[in-house]
Amino acid sequence: MVKGGFKRLLYMAISSEWLSRKLGYGFSFDEKLSPPDKWIENARNQVTSIPNFDPWRLIAKNPEEKNFEKLDIPTFPFVNSDQLSKKDLRYPINLGQAVNLYKQGVNEEERLRKLNTKSMNKNSPDLSKKVAALNSNYIRYHRFPWLRDTVTRGIDNILGSSPVFNRFWHFWINHFSLNKDDCRGELFGNYYLTLRSNLNKKFEDLLFEAIWHPAMQQFLQNSQSVGPNSKSAKWSRESGDDGPTSINENLAREMLELYTVTPSAGYTQADVTAAVYILTGWGSFWPNEHSSRYFNSNRSEPGIFSVLGKSYDDTDLERRLPALCRDLARHPMTAKNIARKLAQHFISDNAPEESIKEIEKTFIKSGGSLIAVHQAVIDQVVKAGPSYRKFMAPALWFWQIHRASRYFPPVFIPSFNELLYIDDMLFEIGQLHSRSPQPNGWSDSDHDWITPEYLERRIRYANRLAVYLSRDEQFDPKAYVERLHGTEENLVNLVRRSDSYKTACNILFCSYQFLEV
Amino acid sequence: MFLSRRNFLKTIAGSVFLYGYPELSKASNNTENRRLLLILLRGGLDGLTAVPPTGDKNLNSIRSSTFVDNALHLDSFFSLHPIMTYLHAAYKEDNAAIVHATSFPYTGRSHFEGQNVMETGADKPHAIESGWLGRAMSVANLGSLAFSLPIPIILRGNNNTTNHYPSELIGVPSTVYDQIFRNWETRDNLKEIIYKLDKRSLAMRRSPGALVSFATNQLSLDNGPKVGIVDLVGFDTHAEQGNKSGKHADMLGQLDNLIQMFRSQMGDKWNDSLVVTVTEFGRTAKENGTKGTDHGWASCIFLVGGLVSKAKVVSDWPGLSTSSLYEGRDLKLTIDARDVYSEVVSKVFGLDPAQVSRDVFLGYKPMKDWGLIKS
């Protein structure tokens, strides 16, 4: 916590508007912000517990209604079809339910595939009907859950009252990133909720909960990795069935490289292989023989394995992974890695080394307490001050321009014969969470986003939003720009003198003063 | 003074398509019209699937579900994946060469570090910011255009770089741009962007094929850009890799199609063209437990086009027995990939090899000139 006279001095230099943009999703044109010291206090409080998460109420006409099905909310694509009703708009809170939905999707897809192959052979006239069924399966089990995720989180970013907490949540979603090509839609939402519900615990808890979650297990294919000397591998070899009898090191490698210690810890191939063996047995949600955490000891490699000098014995196979997670989380290189990533994300690509050190020290001293670490980040953002600038990645900018104008259409009206959904828009401007191209997530380097193509697309998107805003002109770009940067003449004049309302919005949203914070 | 949208587009043509470079006239005549299409194979190309060493008796025992049969004949030792029929035909016409058991000296098996090394051309990951192709083009004073989002690291280090990727968002009137640019003019990192911003006058679909088609169209112009880059993602087949068909074969099929399309659109200019592949690493020699392969070390490089000197597979084959594999699992590197890329930039851009060694590959000296490309 920033203390004493220094604190007073600092607050003269910073505004709550800047804080809300730096640590949250910005401020709405009609939003009254508390003074900086109160704002910081509130931000520090936000990260001490898990805020209530019920975004649909924020856009309901009758938010007090207890029964979710009776909430009066705008129509959502796909809902009210044969397969989906309003209750499906909520994330699957229960993991078992998410896994069942996942299995249901796979089974149904298999059934339809077989059916289609048959009809193709017979040249059946109702083939097109069956292809349509396959498409609707794709919408139900893939496209819908991805869209639901973007929209649910989006509503909360734009209208919710815990933006600082959400920023940290999104940071961790990107740290433990998944992508849609390797993970089925219905596991996404529950995975994100799982990360969320661990943000008041320690990093080692978050790590373990992310690693064993079926979404991650499927994404990095650990659910297919089987210990070569496990019971299951032996049975497969004896019976000659086609079951897996050996390992896949995908998850183990990323766990060391990206999620925890990084290659600078100097681990060897032997360390990676040992981690692979410790990971065998997890992700057994298919078939049904497993513990409550989807661990199947029959698939786990027996033996004692050592990773980075710490050894894990096989008295209880299921306890090896939490122990490994704990040790990796407590490794000094993990604190360094996380501190650096947080500082880059929240402060600047060139965050002061001193800030990184402070976050790292807090990580180590608190035993990886996420509350303490997140508060340290808030304090360091304040301490570094507005001279440290960060160019906003596309998704953050997207939520910020929407929060500024308080405009959130869950569905884009299909005028202009254009794209309809918010996922498509995020994809167009370059950053759709469910499309993160590789397990290292989206880049946090300014220069990956400052390119002609990406910026051109932001201009196009801002123009699109301006068209909607111009319908009622409730959002006033001229008033907003003064609140944003009252002293920066260049921008204020440009917005004031722009040739139309739409252009004024576009200049404001695409100015460097808005793009950077 | 601020440029109008119309004038502004002409300036773009200048920076992208090589107009207005006085140095250009100094380039020797036979390299002036040369064109390079670089295809980045991200995820790790499995050299043993793409170009199986069928003469190595160990291949059969280390590969089962991923073993490729009916491979196409290249020479007495190497074969080509059967899906790459177009590349095979080019090989028969002396228009394709392959370098095998090659990679960068990086052995850490991380995609992110490996891709950084393949693009920066440095000994170690994250050692430098710029890319080897960007440096080479900067030395040769050439502009470049990337068909990917974002601009790949490999092109950084050259100020005359822009990128292009088709968007489905509708365009904005040029007057809006002009007003936004007045704001950007005051900011260093954005000022540069103004002059590179591209206008999507060409309607195209967002598929690798459409991108290459567009790239080729530009590259085939007399004063067109000299280099195109295409990203192909999806070689990271840890599970169910497939063999003659399947995931890895699909990617090789895409590569083969891209080359075919490039050739047909380049017309006569094919004789002055070179297509070269780059990947971050190969995959484990031995198959893993999920019918796939994990991250390994050495792989292969394809060179295709009229600039290829002769059909051949260049390799100092290290062998596939456990003792000859790196750490008992990966194909060893015997030819440094920088040897190949040094030759590529020297010969396509007409640069002195000593200068390439000094300014592009940071002091790295190739073992020798492998004679892959016409002088």
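Residues numbered from 1 in each chain as written. Chains lettered and ligands numbered in written order. Predicted model: local features only at pLDDT ≥ 70, side-chain atom pairs only at ≥ 80, totals over all residues. Heavy atoms only, no water.

Draft legend 1. Local environment of the side chain of Asn222(A). Residue and element names in this part refer to chain A. Structurally, the position occupied by Asn 222 is in the loop between α10 (214-219) and α11 (231-239). Residue classification places Asn 222 among the buried positions, given a relative accessible area of 1%. A distance of 2.8 Å separates polar atoms of two side chains, one belonging to Asn 222 and the other to Gln 217. Here Leu 279 takes part through its backbone oxygen, which lies 2.9 Å from a polar atom of the side chain of Asn 222. Excluding its chain neighbours within four sequence positions, the residues that come into contact with Asn 222 are Gln 217, Asn 248, Leu 251, Leu 279 and Trp 282. (Helix = DSSP H or I, 4+ residues; strand = E, 2+ residues; numbered from the N terminus. Buried < 20%, exposed > 50% of the residue type's maximum accessible area, 1.4 Å probe, protein only. Polar contact = N/O pair within 3.5 Å; in protein donor to acceptor, adjacent residues only side chain to side chain. Contact = heavy atoms within 4.5 Å.)

Draft legend 2. Representation of unusual backbone geometry in the model. The phi dihedral of Arg406(A) is positive, around 50°, even though this residue is not glycine. In this fold, Arg406(A) is placed in the loop between α18 (394-405) and α19 (422-429). Even without being glycine, Asn70(B) reaches a positive phi, approximately 55°. Residue placement: Asn70(B) occurs in the loop between α4 (59-62) and β2 (72-73). Assessed through its relative accessible area of 57%, Asn70(B) is described here as exposed.

Draft legend 3. Structural detail: the interface of chain B and chain A. Each side of the interface is counted separately: chain B has 52 residues, and chain A has 56 residues. In total, chain B and chain A occlude about 4,800 Å² of area from one another, counting both sides; carbon and sulfur atoms represent 54% of this. Here chain B is connected to chain A by three salt bridges. The shortest N-O distance in the salt bridge between Asp448(A) and Arg156(B) comes to 2.6 Å. The interface formed by chain B and chain A contains 17 residue pairs in polar contact (both at pLDDT 80 or more). Every element with two or more residues in the side of chain B that touches chain A is listed here: α6 (111-120), β6 (161-163), α8 (174-184) and α9 (188-194) of chain B. (Buried area = accessible area lost by both parts, 1.4 Å probe. Salt bridge = Lys/Arg side-chain N within 4 Å of Asp/Glu carboxyl O.)

Draft legend 4. Fine view of the confidence of the model for chain A. Looking at chain A, pLDDT values average 88 and 91% of them are 70 or higher. Of the regions scoring below 50 in pLDDT, residues 412-419 of chain A engages in 24 contacts with residues more than four places distant in sequence or in other chains. (pLDDT = per-residue confidence, 0-100.)

Draft legend 5. Main features of helix α24 (residues 501-510) of chain A. Buried residues dominate α24(A), accounting for nine of its 10 residues. Buried residues of α24(A): Tyr501(A), Thr503(A), Ala504(A), Cys505(A), Asn506(A), Ile507(A), Leu508(A), Phe509(A) and Cys510(A), and no others. Close packing links the buried residues of α24(A) with α18, α21 (452-469), α22 (477-485), α23 (489-497) and α25 (512-515) of chain A together with α8 of chain B.

Draft legend 6. Molecular detail of α22(A). Residue and element names in this part refer to chain A. Among the residues of α22, those classed as buried are Pro 477, Tyr 480, Val 481, Leu 484 and His 485. Buried residues along α22 cover an arc of 100° about the axis, so they all sit on one side. Buried residues in α22 make contact with α2 (16-23), α18, α23, α24 and α25. Near the N-terminus of α22, the side chain that reaches the backbone nitrogen of Lys 478, with its oxygen 2.9 Å away, is that of Asp 476. (Arc of directions from axis to C-beta.)

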